[in-house]
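Below are the chains, spelled out letter by letter.
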Amino acid sequence: MAKDYDSQSIEVLSGLDPVRKRPGMYTDTTCPNHLIQEVVDNSIDEALAGHCSTIKVTLAKDGMISVGDDGRGMPIDIHPEHKVSGVELIMCKLHAGAKFSGEDYNFSGGLHGVGVSVVNALSQKLLVEIKRAGKQFEMSFEGGEKKSELTEVGEVGARNSGTSINFQPDPQYFETLQIQTEALKHLLKAKAVLCPGLTIHYADDKKGEKISWNYENGLISYLSEASEGIDLLLEESISCSKLAKDNALDFVLNWSTNPVKNLMGESYVNLIPTAQGGSHLNGFKAGLLDAVKEFCEFRNLIPKGLKITADDVIQHSTFVVSSKLSNPQFAGQTKERLDSKDHQSFVNSTTKDVLSIWFNQHTEEGEKLAELAIASAQARARETKVVDRKKTFQGPALPGKLSDCNSTNLEETELFFVEGDSAGGSAKQSRERKFQAIMPLRGKILNTWDLESSEIIKSIEIKDISTAIGVNPGSPDISSLRYGKVCILADADSDGLHIATLLCALFLRHYKPLVIAGHIYVAMPPLFRIDCAKEVFYALDEDEKESIVRTLKAKPGKPKIDIQRFKGLGEMNPSQLRETVMDPKTRRLVQLTVSPSDNVNSMMDLLLSKKNAGARKEWLEKRGKIVTV
C-alpha cells in the first residue's frame with residue numbers, strides 16, 4: 001500500500017542563484033516554451049500516477065501563463081527536516097521533489113527536482129494556488145524569492161483538489177517572451193495522445209483561441225491524423241503496448257508507399273519529447289531491424305552479399321515511440337535525449353518480439369516491407385560503388401573527422417570548415433554528399449598571423465586543415481588542392497565571427513595563393529528567422545531583421561510576425577541549414593578576395609598582431625563603438 005503523499009515525500013538533494021547566473025544550463029533561453037513544459041510535466045506526472053484527469057494551459061493577454069490540474073495538490077504541511085511548507089520547498093529549492101524514491105510516482109518526467117524551481121527563478125512573479133483537503137491556499141513569489149507566506153484563502157469541496165501555477169517569465173533571461181504557440185499546441189496534443197483519457201484544455205486569450213484534446217485511442221488516432229493525405233502501406237498500423245515492472249513501451253508504426261518529406265517520427269520518455277532520440281529510439285530501431293532481417297533470412301529474400309541497415313528499414317516510415325521507465329537518465333536538464341542504456345535492451349527485445357509475431361501473421365505485407373528495405377539497401381550499395389572517391393592527395397591519411405564528398409571535380413567540390421561537433425552534425429545532414437565535404441573544428445584555432453608557416457603546422461588542428469585541403473601552409477604550389485571551394489562556416493554571433501576572423505587570417509597569411517585564385521569563401525548564416533503567415537525570411541543581423549519587419553508591418557491587415565534568434569548553427573534543423581548555408585541556389589556565400597589597393601595587412605596587424613596590443617586598445621577605445629556585430 002502506497003504511503004501518504006505529504007511533505008515527508010519530498011527529498012532535498014541545496015537557493016536559485018545558480019539558475020539566474022546560468023539559465024541556459026537549466027532551460028532553453030530562446031523563449032519561455034520550456035518553462036511551460038516544465039510545469040505541464042509536473043501535472044502530467046500526476047496523470048501518470050492516476051491522480052489527474054484534466055490539465056488547463058492559459059496564455060493571458062497581460063503575459064501571464066497559467067497551468068492548472070485537478071491532481072492531489074502540492075503538499076501544504078511543514079517538512080519535518082527543513083521546517084518550511086512543502087510548497088515553499090518545491091518552489092525555492094533545487095533538487096527538491098517526491099520523485100527520487102519512486103514511491104509516489106512510478107513513472108515521471110520531473111526526476112531532477114529542478115523544474116518548477118527553475119520556472120520560479122526565471123519569472124518576474126509567480127502565484128501558486130492549491131486546493132487540498134477541502135481548502136484553498138495561495139503563495140506568491142517575485143524573482144524567485146518568497147513574497148508572501150502560504151495562506152488559506154477559502155474553502156472548496158472535499159473532492160475538489162489540484163494545483164495551479166501562474167507565472168510571468170522575466171525578459172532578462174530570454175531572447176524573446178514570444179511563445180511559440182504552434183510548438184506548444186503540438187506538445188500539448190502529444191501529451192494528450194500519450195496519456196489516453198487525459199483531457200488537456202488550451203486557451204490563448206490574445207487570439208481568442210480555445211482547443212481541447214482527449215484521445216481514448218491514443219497513438220493510433222494520432223498517427224492516422226498526422227498521416228492524412230499520405231498513402232500508407234499498411235491498412236492497419238502496427239502497434240504495441242507493453243507494461244513491465246520498471247519499464248513500459250508503446251509504439252505505433254507504418255510506412256509510406258512513396259518517398260515523402262517530413263514524415264512523422266517522434267519519440268517520448270515519460271511523455272517528455274526527446275527531439276534527439278536516445279537509447280529508447282536506438283532500441284526501437286535495432287528491434288525493428290532484427291525482426292525484418294529474421295523474416296527476410298527465413299524466407300531467403302535478401303540477395304547474396306547485401307547488408308540491410310536500420311536506416312534502410314526505417315526509411316519512409318512514420319512512427320511514434322513512447323517509453324516509460326522509473327529512473328530515466330537524460331542528457332541535460334532539457335531532456336532531449338535519453339541515455340538509459342538498460343532501457344535500450346528492454347525496448348529492443350520488446351520491439352523485436354512484437355514485430356516477429358506480426359510478420360508471421362502478415363506474411364504478404366511483411367514481404368512488401370522487406371522489398372522496401374532491400375530496395376533502399378541496394379540503392380545505397382550502388383551509390384557507394386559508383387561514387388567512392390579516389391584520393392587525389394598523396395600524403396598523410398585524411399583526418400578522421402572529415403566527412404568527405406564523392407566527387408573529385410574541382411569545378412563543383414566544396415569543403416566546409418564548421419564550428420564544433422554539434423554544428424558539424426547538422427551540416428552533415430544538410431549537405432549534398434556528392435560534392436560537399438564537412439570538417440568540424442574545435443572552437444577557436446591558433447592565431448597564426450604573427451607565426452611562420454613552419455611553426456603553425458605543429459598545431460594538430462591546423463595540420464588537419466592542411467591535410468584536408470591538400471595544400472601545405474606557405475607553399476606556392478596549389479596543384480594538389482582537393483576542393484574547388486574552401487568555405488568558412490561559423491555561427492553568426494560574436495564568437496563565431498572571431499573564429500571566422502582567425503580562419504581568414506590563416507588563409508590570408510599562409511595560403512595566399514588559394515585566396516588569390518578565388519578558392520576561399522565565407523558562408524553567411526542568418527542570425528534570425530522571421531515567420532509571417534506562410535512566408536519565411538532569414539536575416540543576417542539586427543539591421544536586416546528590422547528592415548524585413550518594417551516591410552512586413554507595412555502590409556495590410558497587421559500580419560502576425562514571429563521572430564526566432566538562432567543561438568548557433570547546431571540549433572538549426574537540417575532543412576534550415578541546407579536552405580540558408582548549403583544549397584547553392586539559396587545560400588549566401590562571400591568570396592574572400594584581396595586587391596592591391598586593399599589595406600588588409602595593416603588592418604589584420606591591428607586586429608591580431610601581439611606587437612600591436614597597445615594600438616589595438618587605443619583603436620578600440622576611440623573607434624570600437626562604430627563596430628556592429
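Preceding block: the structure.
Reference entry: report on the structure contained in this document.

So, how was this worked out
- Residues numbered from 1 in each chain as written.
- Predicted model: local features only at pLDDT ≥ 70, side-chain atom pairs only at ≥ 80, totals over all residues.
- Heavy atoms only, no water.
- Helix = DSSP H or I, 4+ residues; strand = E, 2+ residues; numbered from the N terminus.
- Buried < 20%, exposed > 50% of the residue type's maximum accessible area, 1.4 Å probe, protein only.
- Areas by Shrake-Rupley, 256 points an atom, 1.4 Å probe, with all protein chains shown as cover.
- Salt bridge = Lys/Arg side-chain N within 4 Å of Asp/Glu carboxyl O.
- Core = buried A, V, L, I, M, F, W, Y, C linked by side-chain atoms within 4.5 Å.
- Contact = heavy atoms within 4.5 Å.
- Polar contact = N/O pair within 3.5 Å; in protein donor to acceptor, adjacent residues only side chain to side chain.
- Axes fitted to C-alpha atoms, helices over the stretch in contact; angles between N-to-C directions.
- Parallel < 35°, antiparallel > 145°, perpendicular 65-115°, else oblique.
- Left-handed = near helix turned anticlockwise from the far one by under 90°.
- Pairing = 2+ DSSP bridges.

Okay, the overall build of the chain next. Along the chain, the regular secondary structure elements total 19 helices and 24 strands. The buried share of the chain, taken over its 629 residues, is 48%. Accessible area for the chain stands at about 30,500 Å²; split by element, carbon and sulfur atoms hold 48% of it.

Right, let's talk about the pattern of salt bridges for a bit. This model, assessed by the stated rule, comprises 22 salt bridges. Note that Glu-182 and Lys-185 form a salt bridge whose closest N and O atoms lie 3.1 Å from each other. Taken as a pair, Glu-182 and Lys-185 lie in helix H5 (residues 181-194) at a separation of three residues, close to a single helical turn. On the basis of relative accessible area, Glu-182 is assigned to the exposed category, the value being 55%. Through salt bridges that share partners, Glu-88, Lys-146 and Glu-149 make up one connected network.

For soluble globular proteins, nonpolar side chains are generally found buried alongside one another. By size, the foremost hydrophobic cluster in this structure holds 58 residues, and its most contacted members are Ile-36, Met-91, Phe-167 and Val-320. Top contributing element to this core by residue count: H5, with seven residues. Every residue in contact with Val-320, bar those within four places of it in the chain, is listed here: Leu-194, Leu-219, Tyr-222, Leu-223, Asp-250, Phe-251, Val-252, Met-264, Glu-266 and Tyr-268. Counting residues in hydrophobic clusters, the runner-up holds 37 residues, among them Leu-415, Val-486, Val-515 and Ile-520.

Of note, Gly-197 is situated in the loop between H5 and strand S10 (199-204). Taking the C-alpha atoms as reference, Gly-197 lies 6.2 Å from Asn-214; in sequence the two are 17 residues apart. If sequence neighbours within four positions are ignored, Gly-197 has contacts with Ser-53, Asn-214, Tyr-215 and Glu-216.

On to the side chain of Thr-274, then. As for its placement among the helices and strands, Thr-274 is situated in the loop between strand S15 (272-273) and helix H7 (279-298). Engagement of the side chain of Thr-274 in a polar contact is seen with the side chain of Ser-267, the distance being 2.7 Å.

On to the packing of helix H2 (residues 33-48) against H5. At their nearest, the axes of H2 and H5 sit 11 Å apart, and the two run at 15 degrees to each other. In terms of axis orientation, H2 runs roughly parallel to H5. Considering the relative orientation of H2 and H5, their crossing is right-handed. When H2 is examined against H5, the residues Asn-33, Ile-36, Gln-37, Val-40, Asp-41 and Ile-44 are found in contact with a partner set consisting of Ala-183, Leu-184, Leu-187, Leu-188 and Lys-191.

Here five strands make up an open sheet; going across it, the order is S18-S17-S19-S20-S24 and the pairing mixed. One side of each edge strand has no neighbouring strand; the edge strands of this open sheet are strand S18 (436-441) and strand S24 (589-591). Taken over all neighbouring pairs, the strand axes of this sheet differ in orientation by 25 degrees on average, direction set aside. Strand direction decides the pairing type here: strand S17 (residues 414-419) and S18, joined by six bridges, are parallel. Each bridged residue has a counterpart across the sheet, and for Phe-417 the counterpart in S18 is Met-439.

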